[in-house]
Structure formats: C-alpha cells, structure tokens
Amino acid sequence: MSQATTWSVPLVGPATPTLLTQRTDDSLDALLSGHSGSARPSYAVAGTVWEDTSVAGTVKFYFFDGSDDILLCTVNTSTNIVTWANATSAATQSYGQCRLSLSGGNLLLSRFNGQLLTINGVHYSIPSAGVTLAPTGLTPSTLYYIYAWMNSGTMTLEASTTASAVDSTTGVRIKTGDATRTLVGMARPVTGPAFVDTLAQRFVRSWYNDTGVALFNNFTANRQRTSTTFAEVNTEIRCEFLVWSDEVADAVATGNAINGAAGDGTRSALAFGTTTPASTVEVNGAVSLMGSSDIVPFSARSMKTGLTEGYNYVTLFGAIQTGPSTSTWYGDQDGRRTSISVAVRR
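A short tour of the structure in this document, coming up. Since the structure is predicted, the reported quantities are computational estimates derived from the model, not experimental observations.

Right, let's talk about the side chain of Asn256 for a bit. Its place among the elements puts Asn256 in strand 21 (residues 248-259). In contact with Asn256, not counting residues within four places along its chain, are Ile295, Val296, Pro297, Phe298, Thr328, Trp329, Tyr330, Arg336 and Thr338.

In structure tokens form, the structure reads like this:
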C-alpha cells in the first residue's frame, strides 16, 4: 500500500474499464495506507493527513494545511510508543508513575498511579509485573543510585555509584552525563550482599511517589555511661536510613534512666551522623536530675534538615551531669524500654 500515482477516477471519457478499475484501486489503496510515502503526495489538498515512512522503524503523521505539513505525532513501530507533537506538552511533560521497593530480596520498580516512565525524553510503559534488580555483585555499605534504562526495547534497572543530575532538556533526574538513564531510587546493600528495608534500617528509597519512611529501634539490655562528655551510649539503638537531600528527619528518644549518685543527673540527647566516629554529629537534648535511687523517664526530640544525601543515622548520646557516678539507660525491662522513633519525609 502506498500513495496513488494519480488520485481519483476519470471524470470524462473515453476511459477503459481497466483504467477505471486501476485508478479506483490505487485511490482506495492510498486511503487504506494513510497516503504513506517518503514525501507528501502530489495530489494532497488542504486537510489531507498523510504518513511519512522515509525513516525505517518510524512513522510520522502530518496534516497538510494547503501550504505546510504540520507534524501530529510520531510512532515508533519497534516499541509501539506514540509521541505527540504538541510543542508545549511534549517539551514539558514527564512521567514517573512508579515506585521502587524491596520485594523478595530484589529491588522492584512497579507501576504506581499509572504506568509511564520518561527515559531520554520518551514515555515508556512499565511492565505490568515490574522491573527487578538483584544485589548480585554489589559492594556492601556502598550507596547506589538506581536508574531505569531501555535495553533493546526492554526496561532495565542499573545500580551505579554515579550521582544524579537534572537533565537540562527534560527536567528529569538522570545519571550524571547520561540522559539514557532515569533516576528511580537509591539503595545501600548490607553484607551478603543483600538489600534490606526494616524498621531499623531503611536502605531502599524511591525517587518517585515516596511518602517517606518510619523507623524504630530500642536497647535490649541496660546501657551505661560514666563520663561527663557526650558520646554514643551504644550503637545497638541506631536508626539507619537513606535520605534525599531535601528531606527532614524528625526523631524522638524516650525511655527511663537512673543515676546512682544523689543530686547527679543523666544527660540524654539525639545525635545525627554519617560516619563512625561521628565527627559530624549534632547533639540536641536535655538533662534529668535525680536522687540516688530515682528512675526518671526522659524524652528528647530533634528535627534535622540539611542532611547529606545518602546514608545517615540517628542515635542516643548520653553523659552524666557532674560525677563521679554511673548513669544507666534501661533496656527492654519491665516496660522501661529506651527507644528511638524517626519519621523521614519531604
């Protein structure tokens, strides 16, 4: 099927039945094929819609207004993707109708409120079963950005230590220097390697449609400090998480403490950090003064912005007030549990 050599049928005679039949058949074939060809058909008039098939694997639909060909859309016949040529929407629309999560030990990019994801300026349909990525070959305790890309027409996930950047053309977050990779999340494998996403370790985050994460951890045994200098009481209580650069972490520590010296005090605080020792920790908290046998409840809260993108933790710092004495923070004992809860959100 193609364009007609001469459009329409003869209107004046003489014309043989063969000519009449041939012209009719050519015109009907042209209609069926959308007037397809490598250029606008010579018989086009204002209002003709025709298909440009000059590039293999691509069909462009044009509307002829009598003087100009106006592009309506482009069809990729390999991926079955239609790209509409609305100058305003095509240049500004992008889709991230997806969410990255942990499923059965693998990362899973699944559909969320739609099925489209923009990669390199093209809107691709996310498979109904999602796209998975195993932790095989990844290095534990390393931050990986997770990118989606098209591998010979198949949507694929890639883990890379290369950070993301905004594509100046589409406005989409991409792998720095590579617009064929669209950011969909980040992850931090643990020993195994393995992906984890627990109350104490939120090590899988989605870039799209992530409503934040909640964390909780507690001491399982009594923990003590004998110094007036603030330091981490014990690493067991740490809440570890990945954070995007524009997020806020709201943490609360509660529990019970005792100091064996009358009139001395227990100082409890929350601290955020990214390394050990926690050289970048910021301490916030309060002091509880007590008698020699008083068991005193405490609460400390800290809301932190400006966290470094990637791995962070929040923990309990403690100290005695004056000394010499010993302050004890109760573990999971008689309901006197010392715990930390955290909410991370944009």
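On to the pattern of salt bridges. One pass over the full model with this rule turns up eleven salt bridges. For Lys175, the salt bridge is made with Glu158, and the minimal N-O distance between the two is 3.2 Å. Residue Lys175 is located in strand 13 (residues 173-175), and its partner Glu158 is located in strand 11 (residues 154-160); the two are separated by 17 residues in the primary sequence. As far as burial versus exposure is concerned, Lys175 and Glu158 are alike and both buried. The shortest N-O distance in the salt bridge between Arg205 and Glu247 comes to 2.6 Å. Of the two residues, Arg205 sits in strand 16 (residues 204-206) while Glu247 sits in the loop between strand 20 (239-243) and strand 21, which places them 42 residues apart along the sequence. Considered together, Arg205 and Glu247 belong to a single accessibility category, that of buried residues.

Turning next to the sheet that holds strand 4 (residues 81-84). Taken in spatial order, the four strands make up an open sheet running 1-2-3-4, and their pairing is antiparallel. Two strands bound the open sheet, and with one partner strand each, they are strand 1 (49-52) and strand 4. Averaged over all neighbouring strand pairs, the angle between strand axes comes to 25°, with direction disregarded. Pairing analysis gives seven bridges linking strand 2 (residues 58-64) to strand 3 (residues 69-76), with the strands arranged antiparallel. By the bridge assignment for strand 3, Phe63 is matched with Ile70.

It is worth spelling out the environment of Gly34 at this point. Topologically, Gly34 is positioned in the loop between helix 1 (17-32) and strand 1. With 17 residues separating them along the chain, Gly34 and Glu51 place their C-alpha atoms 5.9 Å apart. In this structure, Gly34 is in contact with Val49, Trp50 and Glu51, ignoring residues within four places of it in sequence.

Before going further, it helps to examine the side chain of Glu240. Examined against the element boundaries, Glu240 turns out to sit in strand 20. Within polar-contact distance, the side chain of Glu240 engages the side chain of Tyr311 at 2.5 Å. Contact partners of Glu240, with chain neighbours within four places excluded, come to Ala200, Gln201, Arg202, Phe203, Leu215, Tyr311, Asn312 and Tyr313.

Reading guide: rules and limits
- Residues numbered from 1 in each chain as written.
- Predicted model: local features only at pLDDT ≥ 70, side-chain atom pairs only at ≥ 80, totals over all residues.
- Heavy atoms only, no water.
- Helix = DSSP H or I, 4+ residues; strand = E, 2+ residues; numbered from the N terminus.
- Contact = heavy atoms within 4.5 Å.
- Salt bridge = Lys/Arg side-chain N within 4 Å of Asp/Glu carboxyl O.
- Buried < 20%, exposed > 50% of the residue type's maximum accessible area, 1.4 Å probe, protein only.
- Pairing = 2+ DSSP bridges.
- Axes fitted to C-alpha atoms, helices over the stretch in contact; angles between N-to-C directions.
- Polar contact = N/O pair within 3.5 Å; in protein donor to acceptor, adjacent residues only side chain to side chain.

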